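Chain residues, written in single-letter form:
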Amino acid sequence: MKKTFIPLFVLAIISCLCSCGNKEPEFQAKQLPGRFAIADGVYVRFSPGNLQYQASTNSWRFAEVQYRMVGEQNNNISSANEGWIDLFGWATSGNEGLNPYTISTVYSDYIGTEENIASTLYDWGQNNAIYGAGKAGDWFTLSQEEWAYLLKHHTTGLGKVEDVLGLIILPEDWEIPYDCEFTKGTSYAKNNYTDLEWQHMEANGAVFLPAAGYRHAQQTMNVGSYGFYWSTTAEGSHCAYCLYFGSGEITVKNANSRINGYSVRLVQKF
């Protein structure tokens, strides 16, 4: 039987075509290096960016950099949206029909329990695999108590990275980079970093939560001024607690309506 020889360049083309359907993620999401305490003897590391969702492919990912946010593109939220969103109603992880593209302003269309959603599939990280970052259950959302403990035991300050306003949280054993300065407090006038300077801050463990605003139905508001980050802690049957920050205030004492779309930042146990 005559053997057929295929030129090497043809094999290379075939290999390329076969691999196109199994494309590697554009970036590999990893934990940030800083260690943060969320309870006595319990530590976490943060995801590299806010959680994002694409309805047309039913896909989840992390923002490529910490200061990246979708902003007013959240107004395009729908079940067929081909873009990405990053503001979600409380517990809209996709579990039991509570989809991340939910825009209803009717309370009964959201989970009506007075119980917390920690360690349940209503938690975004517990219910979903994150593209390039692991399987369902690898990540989780902090509770109100955990957010409060973290803020109490770590230095915080408002600031700006590449003209994006947000909250900076410093890890344990913090060392300031040689080319940076940091001032704790609740004024956006301090802590202004270029991308390169922020890379040095991040390499030493600093976390940045962008002031991504919030969404009500299909209207996005306060983008670039205020930050709202969900916790897993319920308040009654209509509200839930969140981390809130803006000029003059950083608090986790606010319990707001579950129908609002807020940011989600996931963590992993250390």
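Quantities reported herein were computed from a predicted structural model and do not represent experimental measurements.

Rules of the game
- Residues numbered from 1 in each chain as written.
- Predicted model: local features only at pLDDT ≥ 70, side-chain atom pairs only at ≥ 80, totals over all residues.
- Heavy atoms only, no water.
- Core = buried A, V, L, I, M, F, W, Y, C linked by side-chain atoms within 4.5 Å.
- Buried < 20%, exposed > 50% of the residue type's maximum accessible area, 1.4 Å probe, protein only.
- Helix = DSSP H or I, 4+ residues; strand = E, 2+ residues; numbered from the N terminus.
- Contact = heavy atoms within 4.5 Å.
- Pairing = 2+ DSSP bridges.
- pLDDT = per-residue confidence, 0-100.
- Axes fitted to C-alpha atoms, helices over the stretch in contact; angles between N-to-C directions.
- Phe/Tyr/Trp six-rings, centres within 6.5 Å; stacked < 30°, edge-to-face > 60°.
- Lys NZ or Arg CZ within 6 Å of the ring centre and 35° of its normal.

### Some points on the nonpolar core
Right, on to step 1. Of all hydrophobic cores here, the largest spans 28 residues; its most connected members are Leu51, Phe88, Trp90, Trp124, Ile130 and Trp230.
Right, on to step 2. Every element with two or more residues in this core is listed here: strand E3 (51-54), strand E4 (59-62), strand E11 (227-235) and strand E12 (239-246).
Right, on to step 3. Residues contacting Trp124, with those up to four places away along its chain left out, are Leu51, Trp60, Phe88, Gly89, Trp90, Ala91, Thr92, Ser93, Thr141, Trp230 and Val264.
Right, on to step 4. Core analysis: the next-biggest nonpolar cluster, separate from the first, contains 23 residues, Tyr188, Val207, Leu209 and Leu243 among them.

### Quick look at the pairing of strand E5 (residues 156-161)
Right, on to step 1. The element E5 is largely enclosed, with a buried count of 5 among its 6 residues.
Right, on to step 2. Alignment of E5 against strand E6 (residues 164-169), held across 6 bridges, turns out to be antiparallel. In the sheet register, Gly157 faces E6, and the bridge partner there is Ile168.
Right, on to step 3. Linking E5 back to E6 in an antiparallel pair, the connection comprises 2 residues, with Glu162 at a positive phi of about 50 degrees.
Right, on to step 4. Where E5 meets strand E7 (residues 192-193), 2 bridges bridge the pair, whose relative direction is parallel. Across the sheet, residue Lys160 finds its bridge partner in E7, namely Asn192.

### Quick word on the sheet that holds E7
Right, on to step 1. Taken together, the 4 strands give an open sheet; going across it, the order is E7-E5-E6-E8, and neighbouring strands pair in mixed fashion. Two strands in the sheet have a free side with no partner beyond their single neighbour: E7 and strand E8 (207-210).
Right, on to step 2. Judged from the 4 bridges that link them, E6 and E8 form a sheet pairing that is antiparallel. Paired with Ile169 across the two strands is Val207, which belongs to E8.

### Comments concerning the confidence of the model for the protein
Right, on to step 1. Per-residue pLDDT for the protein has a mean of 91; in total, 89% of the residues score no lower than 70.
Right, on to step 2. Note on residues 1-6: pLDDT is under 50 here. Beyond four places in sequence and across chains, it has 1 contact.

### Looking at the environment of Tyr43
Right, on to step 1. Along the chain, Tyr43 turns up in strand E2 (residues 42-46).
Right, on to step 2. By relative accessible area, which is 22% here, Tyr43 ends up partly exposed.
Right, on to step 3. In sequence terms Tyr43 and Lys269 are 226 residues apart; their C-alpha atoms lie 6.0 Å from each other.
Right, on to step 4. Apart from residues no more than four positions distant in its own chain, Tyr43 is found in contact with Arg35, Phe36, Ala37, Glu172, Gln268, Lys269 and Phe270.

### A closer look at the sheet that holds E2
Right, on to step 1. Strand order in the open sheet formed by 3 strands is E1-E2-E15, with antiparallel pairing between adjacent strands. Of all the strands in the sheet, just strand E1 (36-39) and strand E15 (267-269) have a single pairing partner and so form its edges. Here the strands of the sheet are splayed against their neighbours by 45 degrees on average, with no regard to which way each runs.
Right, on to step 2. When E2 meets E15, the two strands line up antiparallel, connected through 3 bridges. Note that in E15 the partner of Phe46 across the bridge is Val267.

### Brief notes about the packing of aromatic side chains
Right, on to step 1. Under the criterion given, the structure shown has 14 aromatic pairs.
Right, on to step 2. An angle of 70 degrees between the planes, with centres 5.3 Å apart, marks the rings of Tyr214 and Phe228 as edge-to-face. Of this pair, Tyr214 sits in strand E9 (residues 214-216) while Phe228 sits in strand E11; the two residues are 14 residues apart in sequence, bridging distant segments of the chain.
Right, on to step 3. We classify Phe228 as buried; its relative accessible area is 9%.
Right, on to step 4. Ring centres of Phe228 and Tyr244 lie 5.2 Å apart, and the angle between their planes is 50 degrees; this geometry places the pair in the tilted category. Of this pair, Phe228 sits in strand E11 while Tyr244 sits in strand E12, and the two are 16 residues apart along the sequence. We note that Phe228, like Tyr244, is buried.
Right, on to step 5. Positioned above the aromatic ring of Tyr43 is the side chain of Arg35, whose terminal nitrogen or guanidinium carbon lies 3.8 Å from the ring centre.

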